[in-house]
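Examination of the molecular architecture
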Amino acid sequence: DAWINKQFVRKNFLIKREENKICVADRSLIDPLAFAPSDGRQQRARALALLYQQSAGVCEGEVILLTGIPEVMQGRIAQRHKGGTASYIRGLQEAFQSIWKLSVPVRIIDTVDKPINQVVKEVSRIIHLEKYRVTPISKLLMDVAEGHL
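The notes below deal with the structure included here. (Residues numbered from 1 in each chain as written. Predicted model: local features only at pLDDT ≥ 70, side-chain atom pairs only at ≥ 80, totals over all residues. Heavy atoms only, no water.)

1. A few points about the environment of Ile109
Note on placement: Ile109 falls in strand S2 (residues 107–110). With a relative accessible area of 3%, Ile109 lands in the buried category. Taking the C-alpha atoms as reference, Ile109 lies 6.2 Å from Leu65; in sequence the two are 44 residues apart. Once residues within four sequence positions are removed from consideration, Ile109 is found in contact with Ile64, Leu65, Leu66, Thr67, Lys114, Glu122, Val123 and Ile126. (Helix = DSSP H or I, 4+ residues; strand = E, 2+ residues; numbered from the N terminus. Buried < 20%, exposed > 50% of the residue type's maximum accessible area, 1.4 Å probe, protein only. Contact = heavy atoms within 4.5 Å.)

2. A few points about unusual backbone geometry
Backbone geometry at Asp113 places phi at a positive 60 degrees, although glycine is not the residue there. Relative to the assigned elements, Asp113 resides in the loop between S2 and helix H6 (116–129). Accessibility expressed as a relative area gives 77% for Asp113, which makes it exposed.

3. Some remarks on the pairing of strand S1 (residues 64–67)
Every second residue of S1 is oriented toward a common face, the buried set being Leu65 and Thr67 and the non-buried set Ile64 and Leu66. Pairing of S1 with S2, which is carried by 4 bridges, proceeds in the parallel orientation. Across the sheet, the residue bridging to Leu65 is Ile108, located in S2. (Pairing = 2+ DSSP bridges.)

4. Some details on the packing of aromatic side chains
If you walk through the whole model with that rule in mind, you get 1 aromatic pair. Between Phe35 and Phe96, the ring centres sit 6.2 Å apart and the planes meet at 85 degrees, which makes this aromatic pair edge-to-face. With Phe35 in helix H2 (residues 31–35) and Phe96 in helix H5 (residues 86–100), this pair connects stretches of sequence that are 61 residues apart. For Phe35, a relative accessible area of 36% gives the class partly exposed. Taking the relative accessible area as the measure of exposure, Phe96 reaches 10% and is therefore buried. (Phe/Tyr/Trp six-rings, centres within 6.5 Å; stacked < 30°, edge-to-face > 60°.)

By themselves, these figures tell us nothing about what the structure is for.
Listed below in structure tokens is the structure:
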């Protein structure tokens, strides 16, 4: 957990350094919370919040959450030579959705029955054509750290 947290602090630093640019990352800065057991999320949020505060603070940005059918996502993951069962993916999706429901706005794209190129088009449309909506990542992190999840 400590190593992963430090990797996300590093990611935060690198993204924050690219101010006034569009940066797309495949993991948000609070994703480690979804991988923590639900009874350990508050402690994990505290640790992440402290690390982010010790660096340059959280780089806020817009979050786009991709959801889908876990069995289909399992196949896509396997194509990328990564592991994960459908039940594991289902659990992660549920964790992500429970965490993100604390915060507005989060854009959700349902990938069910969509080829990857269609999903990429939808993400690109949000990035380039729609109004930018900052997701208050630091507030969400503090909400979880304070036990509001």
